[in-house]
Amino acid sequence: MDRTTQRSLAETFRDGHTVGGTKPLLLPNSWDAASTIIYEEAGFEAVGTSSAGIAASLGVPDGEVLGRDDMLAVVERIANSVDIPVSADMEAGYGDSPPEVAETVRLTIEAGAVGINLEDGTNDPAQPLIETDQHAARIRAAREAADEAGIPLVINGRTDVFWREVGDKSDQVVATIERANAYAAAGSDCLFVPGVTDLSAISELVAGIDGPVNILGGPGAPPIADLENAGVARVSIGSGPMRATLGFLREISAELLTTGTYDRMANAIPYAELIDLLEEPKPG
């Protein structure tokens, strides 16, 4: 992908993040080129990758178990499979220091992505979150790396206070706002708060966070219309579609083993239609 095209996609993606008064940007999450192409065909304006979905498709768990090079190889294939903006979930940035995260950002841009998720969660139960100032420094380095590359990369600063159930429930909204605002000040364009499903808490977050808010949709989360009324700017769905696909594969397996029939595959995309989808011209 040439830089002029990438810069245009990045600007389009950035402009899709607005605060209040408009429908949230709906960002489905893919795990390979085929799932990304299906989203584009459905009419979505942008796609985000799912680190958990990509990792699972390659047989390993989420949490940077899959190496950076392997993750970026899939991101690159995804970004070059469609004409819409692609944002990459690069977990915690694949590095403990700001320079290491900056290198991940440079490589993510080279892969063709125009957005990136950077989270403050860890895999350490004793310290489930990176210190706020430490993660802010990583985001600041990410912003500088994107600016140097000349791409207005949309940085989605993620805080896992709710996702990892850190602290007392009564303190989680305040703690999230403090972290999110530090990440916004460091250069995040959007602030991602997965794990929160209470609409009143979401409204408090939107009111207190200095920037567009991204909420994780899925079973148990408020519908899009309610999130729009609360002022949410972006709704993503994470690994949900990939896990739903695997759940459906379980149903197909059970039917084959128990009844020996094929009814669960009745709604499959016809083979010829799939070939046509995959043979359409892709961006340069």
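Up top you'll find the structure we're talking about.
Residues numbered from 1 in each chain as written. Predicted model: local features only at pLDDT ≥ 70, side-chain atom pairs only at ≥ 80, totals over all residues. Heavy atoms only, no water.

Caption draft 1: Quick peek at helix H8 (residues 199-208). Within the span of H8, buried status applies to Ala 201, Ile 202, Leu 205 and Val 206. Within H8, the buried residues cover an arc of 140° as seen down the axis, which keeps them to one side. Summarising the contacts, the buried residues of H8 are in contact with helix H7 (169-186), strand S7 (190-193), strand S8 (213-216) and helix H9 (224-229). (Buried < 20%, exposed > 50% of the residue type's maximum accessible area, 1.4 Å probe, protein only. Helix = DSSP H or I, 4+ residues; strand = E, 2+ residues; numbered from the N terminus. Arc of directions from axis to C-beta. Contact = heavy atoms within 4.5 Å.)

Caption draft 2: Inspection of the nonpolar core at higher detail. Met 90, Val 105, Val 196, Ile 202, Leu 205, Ile 209 and Ile 215 are the most contacted members of the largest nonpolar core, which has 67 residues in total. Not counting residues within four places of it along the chain, the set of residues in contact with Met 90 comprises Glu 64, Arg 68, Met 71, Leu 72, Val 75, Thr 104, Thr 108, Ile 116 and Asn 117. (Core = buried A, V, L, I, M, F, W, Y, C linked by side-chain atoms within 4.5 Å.)

Caption draft 3: View of a negative patch on the surface. A contiguous patch of negative charge, built from Glu 41, Glu 273, Asp 276, Glu 279 and Glu 280, is present on the exposed surface. The leading source of residues in the negative patch is helix H11 (residues 271-279), at 3 residues. Summarising the element assignment, Glu 273 is placed in helix H11. (Patch = residues over 30% accessible without salt bridge, like charges linked within 9 Å, V, L, I, M, F, W, Y side chains within 5 Å. Areas by Shrake-Rupley, 256 points an atom, 1.4 Å probe, with all protein chains shown as cover. Salt bridge = Lys/Arg side-chain N within 4 Å of Asp/Glu carboxyl O. Lys, Arg positive; Asp, Glu negative; His and termini not counted. Charge placed at Lys NZ, Arg CZ, Asp CG, Glu CD.)

Caption draft 4: Spatial organisation of the environment of Val 65. Secondary-structure assignment places Val 65 in the loop between helix H3 (51-57) and helix H4 (68-79). A sequence separation of 83 residues divides Val 65 from Glu 148, and the C-alpha atoms of the two residues are 29 Å apart.

Caption draft 5: Region of interest: the packing of helix H2 (residues 33-42) against H11. Two elements in contact, H2 and H11, have axes whose closest approach is 10 Å; the angle formed by their N-to-C orientations is 90°. One element, H2, and the other, H11, form an angle in the roughly perpendicular class. On H11, the residues touching Ile 37, Ile 38 and Glu 41 of H2 are Glu 273, Leu 277 and Leu 278. The residue inventory of the contact of H2 with H11, partitioned by class, reads 4 nonpolar, no polar and 2 charged. (Axes fitted to C-alpha atoms, helices over the stretch in contact; angles between N-to-C directions. Parallel < 35°, antiparallel > 145°, perpendicular 65-115°, else oblique. Nonpolar A, V, L, I, M, F, W, Y, C, P; charged D, E, K, R; others polar.)

Caption draft 6: Structural context of the pattern of salt bridges. Counted under the stated rule, the structure contains 9 salt bridges. Measuring nitrogen to oxygen at the nearest pair gives 3.5 Å for the salt bridge that ties Glu 119 to Arg 158. Of the two residues, Glu 119 sits in strand S5 (residues 115-119) while Arg 158 sits in strand S6 (residues 154-158), which places them 39 residues apart along the sequence. You'll find Glu 119 and Arg 158 in the same group, each marked buried. We note a salt bridge from Asp 189 to Arg 143, for which the minimum N-O separation is 2.8 Å. Taken together, the residues span a long stretch of sequence, with Asp 189 in the loop between H7 and S7 and Arg 143 in helix H6 (residues 132-149) at a distance of 46 residues. Three or more residues joined by partner-sharing salt bridges are found here, namely Glu 119, Arg 158, Asp 160 and Arg 164.

Caption draft 7: The arrangement of unusual backbone geometry in detail. Within the chain, Glu 64 stands out as a residue other than glycine whose phi angle is a positive 60°. Relative to the helices and strands, Glu 64 is located in the loop between H3 and H4. Note on Glu 64: relative accessible area 28%, which makes it partly exposed.

Caption draft 8: Spotlight on the sheet that holds S6. Spatial ordering of the open sheet is given by S1-S9-S8-S7-S6-S5-S4-S3-S2, a layout of 9 strands whose pairing is parallel. Of all strands in the sheet, those with a lone pairing partner are strand S1 (25-27) and strand S2 (29-30), marking the two edges. Strand direction decides the pairing type here: S1 and strand S9 (residues 234-236), joined by 3 bridges, are parallel. Pairing of Leu 25 across the sheet is with Arg 234, part of S9. Lying on the sheet, helix H1 (residues 3-15) is in contact with S1, strand S4 (86-89), S5, S6 and S9; it crosses S6 at an angle near 45°. (Pairing = 2+ DSSP bridges.)

Caption draft 9: Representation of the packing of helix H5 (residues 98-110) against H6 in the model. Where H5 meets H6, the closest approach of the two axes is 8 Å, and the angle between their N-to-C directions is 40°. In this view, H5 runs oblique relative to H6, as classed from their interaxial angle. In this structure, H5 crosses over H6, and the sense of that crossing is right-handed. Of the residues in H6, those in contact with Pro 98, Val 101, Ala 102, Val 105, Arg 106 and Ile 109 of H5 are Ala 137, Arg 138, Ala 141, Ala 142, Ala 145, Ala 146, Glu 148 and Ala 149. Among the residues making up the contact of H5 with H6, the classes are represented as 11 nonpolar, no polar and 3 charged. (Left-handed = near helix turned anticlockwise from the far one by under 90°.)

Caption draft 10: Quick look at the side chain of Thr 176. Its place among the elements puts Thr 176 in helix H7. A distance of 2.8 Å separates a polar side-chain atom of Thr 176 from the backbone oxygen of Gln 172. (Polar contact = N/O pair within 3.5 Å; in protein donor to acceptor, adjacent residues only side chain to side chain.)

Caption draft 11: Layout of the pairing of S7. The side-chain alternation of S7 yields two buried faces, one formed by Cys 190 and Phe 192 and the other by Leu 191 and Val 193. Pairing of S6 with S7, which is carried by 3 bridges, proceeds in the parallel orientation. Across the sheet, the residue bridging to Asn 156 is Cys 190, located in S7. Where the polypeptide runs from S6 across H7 and back to S7, its parallel neighbour, the crossover connection is right-handed. Inspection of the sheet shows S7 paired to S8 by 3 bridges, in the parallel sense. Counted as the bridge partner of Val 193 is Ile 215 from S8. Handedness of the S7-H8-S8 crossover: right-handed. (Right-handed = clockwise from strand over helix to strand, strands pointing away.)

Honestly, that's just the spatial picture; any functional story needs more than this.
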